[in-house]
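An overview of the molecular structure
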Amino acid sequence: MKIDRWAGLDASATMAPRIQLEKAAWLWVQTVRPEEIRLEHIELAYRINLQACKRGTCRRNCKGNPNCLVGIGEQAWLGEIDENTFHNIDDPNSERRDKNTFVGLTNLGATCYVNTFLQVWFHNLELRRSLYQCHNSRYVPQSICEHLQYLFALLQNSNRKYIDPSSLVKALGLDTGQQQDAQEFSKLFLSLLEDTLTKQKSPNLQNVIQQQFCGQFSYATMCNQCGRSSALPSRFYELELNIQGHKNLTECVTEFLEEEKLDGENRYFCESCQSKQNATRRIRLHSLPPTLNLQLMRFVFDRQTGHKKKLNTFISFPEQLDMGLFLEGQQQDQTSVYELSAVLIHRGISAYSGHYIAHVKDARTGDWYKFNDEEIEKMEGKKLQLGIEEDIAETVKSQARKPKCSKGYHCSRNAYMLVYKVQEEPSSDPSGTNVEVPAFLQRLVDQDNHKFEEWCSEMVDMRKLSVDKGKAKHEEVKELYELLPAKDGERYEFIPTNWLKKWLDDSTATKEIDSSSFLCAHGKLHPDKVGDSKRVSLKAADLLYERYGGGPRLDDLSLCRECVSQRCRVLRLKNQLNEDYKEISSLVKRTLSGEGYWVGKASLRSWRQLALDQLEEDDHETKLSSSQTNGKGPHTDNSKDEMKTFNEDIVCSHGALSILETERKLVSAEVWTKLREYFPKAPEFTPTHEACQQCLVREVKDNEAVSKMMALDQKNQLLNLFNEKNRPTLTKWPQGIDVLYVVPLFFVEEWRKFIRRPTKSSPVSNVGNTLLLCPHGGFMFTYESLISGDAQHIALLWPSEWEVVSRLFIVDQPISIHLEVGLFEFLRNLCWECRESYLFQQQKDLREYTQATIYIRKVIEDKRVVKEAAPELTASSSEAEEEREEPPKVEGLKDPYFCQSEDGTKRLKLSNDGEESAAAEPETYMSKLDGIRRSTRHRKLRGEKALIVSANQTLKELKIQIMHAFSVAPFDQNLSIDGKILSDDAATLGSLGVIPESIICLKVPDYVCLMFKGSCLLVDYFVFGHAH
């Protein structure tokens, strides 16, 4: 009769968790002994008769069911498949530039601001034409000029839809992961480009930047007293216009040129009057460049937060700008009408993040285009709204606030730079708008185009190869998957599940079938591995091995009877062990009455594991987990020497009972009887058994010999201490000795007992100097008390003896007495608790002050103190000039029992009086502090200011005070105290070590702005040698 344990399982049972399936496969062992196992039991253990899952009823593959072939990756191959799924290669033609379109630039991370300027400069035909004239016979781009002309050539004639500007960015030394200030980048780049072009031989090339971008103005100052006027001529490459409080571009330019009054601290030194006088100053425009760059100052410093912020003010600007209204001394032949050619835009509400886009006008056609890194879009119709780009995370409500603009005008809240080109007369000559790429650059462009075409061809071939391979795999899978299920009564084989999944995964190269890890010790399929394999038909297995190879093959004859029998015995024993373990654990806890037996404690802890190991000792393969075999059991002993036999841990090397009584336990006869059922060959010992006499004799002899040897060695090394000869004393300090050491007399006495009778006394291991210290760790005795009788508690050691004691014994707290110039110094000082408390309170007061004065000393890069023109804004600065008195100092005070050494240690005086006690010392010491006040007056230097601060004030708040006092922005302030840089804005002054009367150095870069009333002018503008 055939046994079918799976007959009652429905479809949901076949999808049960893996652990439930494993338990169900071995339920029969409860009623079947190992010798009664038949083929039906073996097939149950290998789950041969489990129902196969059907598609649609099993969401994922059943790992415990070898007949479940659903959810192993077959879904992607069944049915019709689009050939595009066989590859992940995009169409290379999508990277090709369309006809009559511009080329984009790749964003390398945070380089969108660079890309916008490059596109604007590329559309400046005069600049591009001039750059092309820079020629090198052995052309390899090295300088910034050469990288830029090669980039312009690619932007003009490349076949690519967008190109990579990495070479230029690398030559500029820019960090591709950090967004820089776009306006500062524009100035720096033009400056570097001008430096490079000045090295060209052609005069036209040397002055390209000046000819295109440079205009002239002057700072005109008039004395109100004598009327004398002076002008300081200067050049500009762009005009920086304040937009705060303005609505249109005309208002911004007007404010830039309006008069400014110089009075108060900002008065002008008149050469005629030879004194400071009130005056007026204004900027006069004399000439304008062909390309006029107007910087709209959207990023300004916020005094409240100490950081930059973005102004989202709408500014109206015209497509045609007449600058003749603002020029002085305009020549008749000078054109002052400009046309808008580019708008640079910053998307985002923060000054420290966002995205940059450029709207640029094509000089040839007059059409407008939006350049957004790789993407380029023509702006026409409703899209032709210059300077308009939606902010990142901008709300619909905020978009509706845009004011209306007249025809010919545009309005933007994100435009930060406007580029105007001087209006020229229409010309029928097309050469004015055509810029030819020189031959030496075109060769490099052709090489890049050739590489691009080769890449396109390679991608097409790879796509075709992937499609052909996928179609072949599709046909193979459809053919073999239908043959995989094994039918009842037919032969079958087991294939690893992971291999089948990789076979069905198109992205993984299929390797040969490897079943070697599935073999048991008998060379057949291990029962524990059946859950990781699938049972397939013999025909399907033949085809798979024919195409992919591998092995060993595991067919229906590979079911291992020996492993099933072994597992049956283990599982039956496990059920019995659980009951016996509970009973033995309970019996061991009872009080022993009557005869008993010695059992090793390690054996008792791991006896159940030893029983299982004994059954499996012939099985050399590694089990999945001993915890799975044993079930819930006691904590096993993980000793280095693995125990193999029960009770071997209490057997000595002579085969007798071990002398180590702590390693064994006495159990009842009932417990021993149950243990003997599992370990019939285990050694048996009763309480009447004597421990091994040979081990006892050897242990006694070894211990006595060791003690005698130790005592003799210690005595020879400390002979004078043992015999009490040549001992040092405090009353007569030995000559030539600077230090003596202290140990308890109790330690010396116990040590002498051991030396005299090493076999009867225990050896001494520790020196307990803690006995001589108070709870605070201070030495308990003074010099006077030791002289007068307390010496009976201590013993003095010579330095040579202390070296030996430190080596032989464990010393908890070393105590020493030093003699220098007639003074004793104890390594463990007297316990002046009150004195130390006062010192602590004094230091605490220095860190918790309020309304205290500190001094800010301004220095420039070469460490010289500079004169600051801005007025002092601190109301209490005059009070800080008053003479102040220092708090009481503790250094240098005369103490009746202590004097201060150079290293700050306290030394006890040699005195014969001794009338003052240690307990009275704190009061005497602190009383000496009364009435001592040392007056000091801080002498201020030029460029130094006094500020009133508190200890809980943050460094950021101090920087705001310094900004008001010195007119230096917080981000330009480099503060330090005693050489230590102060950089943590959130830290308090107390935590940074700033105490009253401290002097903080303020280092300011030499290009910093001077803050005037209502505006900020850049005085030292030539940071890189040019005013850009």
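Here the structure is a predicted model, which means the values were calculated and not measured.

Another aspect to go through is the sheet that holds strand β4 (residues 229-236). Whenever strands of a sheet pair, they do so through backbone hydrogen bonds, lying parallel or antiparallel. If you trace the four strands from one edge of the open sheet to the other, you get β4-β3-β9-β6, paired in antiparallel fashion. In this open sheet, the two edge strands, each paired with only one partner strand, are β4 and β6 (260-262). For this sheet the average axis-to-axis angle between neighbouring strands, irrespective of direction, equals 30°. Summarising the sheet, strand β3 (residues 215-223) and strand β9 (residues 279-287) pair through eight bridges and their orientation is antiparallel. Counterpart to T221 in the pairing with β9 is R281.

To continue, consider helix α23 (residues 745-756). For α23, built from twelve residues, the straight-helix expectation of 16 Å at 1.5 Å per residue is met to within 8% by its first-to-last C-alpha distance of 17 Å. Every buried residue of α23 is listed here: F747, V748, W751, R752, F754 and I755. In an axial view of α23, the angular spread of the buried residues amounts to 160°, which keeps them on one side of the axis. Looking at α23, the residues exposed on the side facing more than 90 degrees away from the buried face are F746 and R756. Tucked inside the fold, the buried residues of α23 contact α21 (693-717), α22 (719-723), β28 (739-744), β29 (766-767) and β30 (794-797).

Moving on, we come to unusual backbone geometry. Cis peptide bonds are those with omega within 30 degrees of zero, and the linkage from G551 to P552 qualifies with -5°. Mapped onto the fold, P552 is located in the loop between β24 (550-551) and β25 (554-555). Unlike most non-glycine residues, N726 shows phi in positive territory, near 55°. With a relative accessible area of 54%, N726 lands in the exposed category.

Below, the discussion takes up the pattern of salt bridges. Evaluation of the coordinates by the stated rule reveals 26 salt bridges. For E328, the salt bridge identified is with R284, shortest N-O distance 3.6 Å. Note that E328 is positioned in the loop between β14 (320-322) and β15 (337-347) and R284 in strand β9, a separation of 44 residues in sequence. The shortest N-O distance in the salt bridge between K361 and E339 comes to 3.9 Å. Linking K361 in strand β16 (residues 355-361) with E339 in strand β15, this pair joins segments that are 22 residues apart in sequence. Given the relative accessible area of 25%, K361 is considered partly exposed. With a relative accessible area of 29%, E339 lands in the partly exposed category.

Our focus in this paragraph is the packing of α21 against α23. Between α21 and α23, the shortest axis-to-axis distance is 9 Å and the interhelical angle comes to 125°. When the interaxial angle is binned, α21 and α23 end up oblique. Here α21 and α23 pass one another in a crossing that is left-handed. On α23, the residues that touch S707, M710, A711, Q714 and K715 of α21 are W751, F754 and I755. For the contact of α21 with α23, the class distribution of residues is five nonpolar, two polar and one charged.

Conventions used here
Here the residue index of a chain counts from 1 through its sequence in written order. This being a predicted model, a pLDDT of at least 70 is required before a residue's local features are given, and a value of 80 or more before pairs of side-chain atoms are given or counted; all residues contribute to the totals for chains, interfaces and linings. Each side-chain value is derived from all of the structure's non-hydrogen atoms; neither hydrogens nor water enter the calculation. Here, strands pair whenever DSSP counts at least two bridges between them. Helix numbering and strand numbering both begin at the N terminus, where a helix is a DSSP run of H or I of at least 4 residues and a strand a DSSP run of E of at least 2. To define axes, lines are fitted to C-alpha atoms, for helices over the stretch in contact only, and angles between the resulting N-to-C directions are given on a 0 to 180 degree scale. Helix span, expected: 1.5 Å multiplied by one less than the number of residues in the helix. The cut-offs for exposure are 20% and 50% of the maximum accessible area for each residue type, with area from a 1.4 Å probe on protein chains only; residues under the lower value are buried, those over the upper are exposed, and the others partly exposed. Along the arc lie the directions from the helix axis toward the C-beta atoms. In what follows, a contact means two residues having at least one pair of non-hydrogen atoms within 4.5 Å. Just to be clear on terms, a salt bridge is a Lys or Arg side-chain nitrogen sitting within 4 Å of an Asp or Glu carboxyl oxygen. An angle counts as roughly parallel when it lies under 35 degrees, as roughly antiparallel when it exceeds 145, as roughly perpendicular when it falls between 65 and 115, and as oblique in every other case. Crossing handedness is read from the near helix: turned anticlockwise from the far helix by less than a right angle, it gives a left-handed crossing, and turned clockwise, a right-handed one. Residues are grouped as follows: nonpolar covers Ala, Val, Leu, Ile, Met, Phe, Trp, Tyr, Cys and Pro; charged covers Asp, Glu, Lys and Arg; every other residue, Gly included, is treated as polar.

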